[in-house]
Amino acid sequence: MSKLFAIFGDPVSHSRSPLMHNYLFKALHVDACYTRVHLHDGSKLRDTFFSLKLSGANITVPHKEAAYNACDEVRGFATTIGVVNTILLEDGKLIGYNTDADGFMEAIKPFGTIKNILILGAGGTAKALASRFLQDGLHVSILNRSEERLSYFKNLGLSCEATFGCDTWESFVCKSYDLVVNTTSAGLKDDLYPAPQTLIEEILSHTSYVADAIYGKVTPFLALAKQKNLTCKDGADMLLYQGVLANHLFCEKQFDLKTTADLMQKSFLL
Ligand code: NDP
């Protein structure tokens, strides 16, 4: 029977995931289809998954933490961070995974050696990246608009030896970074910077590399980084590699990662 997959998000119309997965299914003659579901209420994710008879799903902003709660079992790196971006149906149960962090690590490989990282934002993506960076012994700092979500990172910092700053815009003191990553949704639906412009200007003067998790548009943050001639990239490669790892799970690992990546990359040209 043909399998159906979907991406859940709010917004979700911008997502390139359907294109990437459907391109691969078609090219490799996989009897499956991938659609998008605009979901306002994350608590409805589980019921919606079953009512659509899905075989698997990806989850994007702002439902990745709700996705963790929707699962019967969580495996791998997702257990460390409580954030799920990929769900697989296995024997009637929802199994959760996180492929964002490893996808991002693959995406920043061309930057070379990175030791000090500033993450803008403290949501699901920031949690995934911070935990992954710490796993590799990198120095991580977090800057977020509001205090509430910083407690997770403060707790994370207590259990490691890395220099770990967790600040709001008010308490932040800029240091030097190898890489600054925007994981906020500022710039996704609006033209906002992820922090006040003066702060962003200062941060961009203290980093070598810049990455934005947002793809498909040049955010004001990325535009400013480009204007300053910094080496930067948007979220397209992160999207590609998290999708490659998710598809590997959807297709029960029958295709190798390089074949999957090459095909999905081709879908970007459509
Ligand atoms: P969450 O909803 O979990 O977190 C959003 C974060 O953004 C919070 O820290 C929030 O701060 C902050 N924020 C929202 N609006 C603003 C604003 N106007 N100014 C400053 N900060 C703001 O989102 P996710 O972590 O799931 O996703 C974040 C972004 O990353 C999205 O744009 C998503 O599309 C992108 N993404 C891209 C991927 C890719 O493959 N390229 C993969 C994963 C995510 P506060 O706590 O104060 O509310």
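Residues numbered from 1 in each chain as written. Predicted model: local features only at pLDDT ≥ 70, side-chain atom pairs only at ≥ 80, totals over all residues. Heavy atoms only, no water.

Asks: Just to check I follow, could you spell out the site of the ligand for this structure?
Replies: Inspection of the region around the ligand gives 28 residues, with Ala122, Thr125, Asn144, Ser146 and Ala213 positioned closest. One nitrogen or oxygen atom from the main chain of Ala213 is found 2.8 Å from a nitrogen atom belonging to the ligand. Here the ligand loses 91% of its free accessible area of 940 Å² to cover by the protein chains. Among the elements of the structure, helix H6 (124-135) and helix H10 (236-250) are those that each provide at least two residues to the shell around the ligand. (Near = heavy atom within 4 Å. Polar contact = N/O pair within 3.5 Å; in protein donor to acceptor, adjacent residues only side chain to side chain. Areas by Shrake-Rupley, 256 points an atom, 1.4 Å probe, with all protein chains shown as cover. Helix = DSSP H or I, 4+ residues; strand = E, 2+ residues; numbered from the N terminus.)

Asks: Would you mind showing me how to read the state of the cysteines here?
Replies: Covalent bonding between the sulfur atoms of two cysteines is what defines a disulfide. Counted under the stated rule, the structure contains zero disulfides. With no disulfide partner, Cys174 has as its closest neighbouring cysteine sulfur the one in Cys166, 16 Å distant. (Disulfide = S-S within 2.5 Å.)

Asks: How should the domain arrangement of the chain be read in this particular structure?
Replies: For interface size, the figure often reported is the accessible area lost on association. Structurally, the chain comprises domain 1 (3-98 + 237-267) and domain 2 (102-234). Taking the mean C-alpha position of each, domain 1 and domain 2 sit 25 Å from one another. Taken together, the contact pairs 18 residues of domain 1 with 22 residues of domain 2. Buried area between domain 1 and domain 2, summed over both chains or domains, comes out near 1700 Å², and the portion from carbon and sulfur atoms is 67%. For domain 1, the biggest contributors to the area lost against domain 2 are Phe77, Ile81 and Met238; these three give 33% of the whole. (Domains from an automatic or database assignment. Contact = heavy atoms within 4.5 Å. Buried area = accessible area lost by both parts, 1.4 Å probe.)

Asks: Is there a simple way to think about the confidence of the model for the chain in this case?
Replies: Do not read the fine detail of predicted coordinates wherever pLDDT is low. When the pLDDT values of the chain are averaged, the result is 94; 97% of them are 70 or greater. For the stretch residues 158-162, pLDDT sits under 50, and the model shows four contacts to residues farther than four places along the chain or on other chains. (pLDDT = per-residue confidence, 0-100.)

Asks: Can you walk me through the sheet that holds strand E7 (residues 116-120) in this structure?
Replies: Two modes of strand pairing occur in sheets, parallel and antiparallel, and in both the strands are linked by backbone hydrogen bonds. Reading across from one edge, E9-E8-E7-E10-E11-E12 is the order of the six strands in this open sheet, with parallel pairing throughout. Of all strands in the sheet, those with a lone pairing partner are strand E9 (164-168) and strand E12 (231-233), marking the two edges. On average, each strand axis in the sheet is inclined to that of its neighbour by 15°, with strand direction left out of account. In this structure, strand E8 (residues 139-144) lies alongside E9, joined through five bridges in parallel fashion. Following the sheet pairing, Ser141 is matched in E9 by Gly165. Packed onto the sheet, helix H9 (residues 220-227) meets E7, strand E10 (177-182), strand E11 (207-212) and E12 and runs at close to 150° relative to E11. (Pairing = 2+ DSSP bridges. Axes fitted to C-alpha atoms, helices over the stretch in contact; angles between N-to-C directions.)

Asks: Just checking my understanding: could you explain the sheet that holds strand E3 (residues 56-59) for this structure?
Replies: In space, the six strands of this open sheet follow the order E2-E1-E3-E5-E6-E4, with mixed pairing throughout. The strands lining the two open edges of the sheet, one partner per strand, are strand E2 (32-38) and strand E4 (73-74). In the sheet, strand E1 (residues 3-9) pairs with E2 via seven bridges, with the strands oriented parallel. Considered in E2, the bridge of Lys3 is made with Ala32. Each of E1, E2 and E3 is contacted by helix H1 (residues 17-27), which is oriented at about 170° to E2, the strand it contacts most.

Asks: What's the story with the nonpolar core in this structure? I'm lost.
Replies: In globular proteins that are soluble, nonpolar side chains generally tend to be buried together. In this structure, Phe104, Ile119, Phe133, Ile142, Phe153 and Leu179 are the most contacted members of the largest nonpolar core, which totals 27 residues. Listing elements by their share of this core, those giving two or more residues are helix H5 (100-107), E7, H6, E8, helix H7 (150-158), E9 and E10. The leading source of residues in this core is H6, at five residues. Leave out the neighbours within four places in its chain, and Ile142 touches Leu118, Ile119, Gly121, Ala122, Ala130, Leu150, Phe153, Phe164, Gly165, Cys166 and Asp167. Val12, Tyr215, Ala236 and Ala246 belong to the second-largest nonpolar core, a separate cluster that totals 25 residues. (Core = buried A, V, L, I, M, F, W, Y, C linked by side-chain atoms within 4.5 Å. Buried < 20%, exposed > 50% of the residue type's maximum accessible area, 1.4 Å probe, protein only.)

Asks: What is the right way to read H1 from this model?
Replies: In an α-helix there are 3.6 residues to a turn, and that puts residues three or four apart on one side. Listing the buried residues of H1 in full gives Ser17, Pro18, Met20, His21, Leu24 and Phe25. Turning to H1, the residues buried within the fold contact E1, E2, E3, H10 and helix H11 (257-267). Two residues or fewer past H1, His29 is found with a positive phi of approximately 55°.

Asks: It is not clear to me how the packing of H5 against H6 should be interpreted in this structure. Could you clarify?
Replies: In a packed pair of helices, the relevant descriptors are the angle between the two axes and the axis-to-axis distance. Taken N-terminus to C-terminus, the directions of H5 and H6 make an angle of 65°; their axes are 8 Å apart at the nearest point. The orientation of H5 relative to H6 falls into the category roughly perpendicular. Where H5 crosses over H6, the handedness of that crossing is right-handed. Taking contact as the criterion, the partners of Asp100, Ala101, Asp102, Phe104 and Met105 in H5 are, on H6, Ala128, Leu129, Arg132 and Phe133. Its residues assigned to classes, the contact of H5 with H6 shows six nonpolar, no polar and three charged. (Parallel < 35°, antiparallel > 145°, perpendicular 65-115°, else oblique. Left-handed = near helix turned anticlockwise from the far one by under 90°. Nonpolar A, V, L, I, M, F, W, Y, C, P; charged D, E, K, R; others polar.)

Asks: So what exactly am I meant to see when it comes to the environment of Asp72 here?
Replies: Inspection of the secondary structure puts Asp72 in the loop between helix H3 (64-70) and E4. Sequence separation of Asp72 and Lys93 is 21 residues, and the distance between their C-alpha atoms is 5.9 Å. A distance of 2.8 Å separates a polar side-chain atom of Asp72 from the backbone nitrogen of Leu94.

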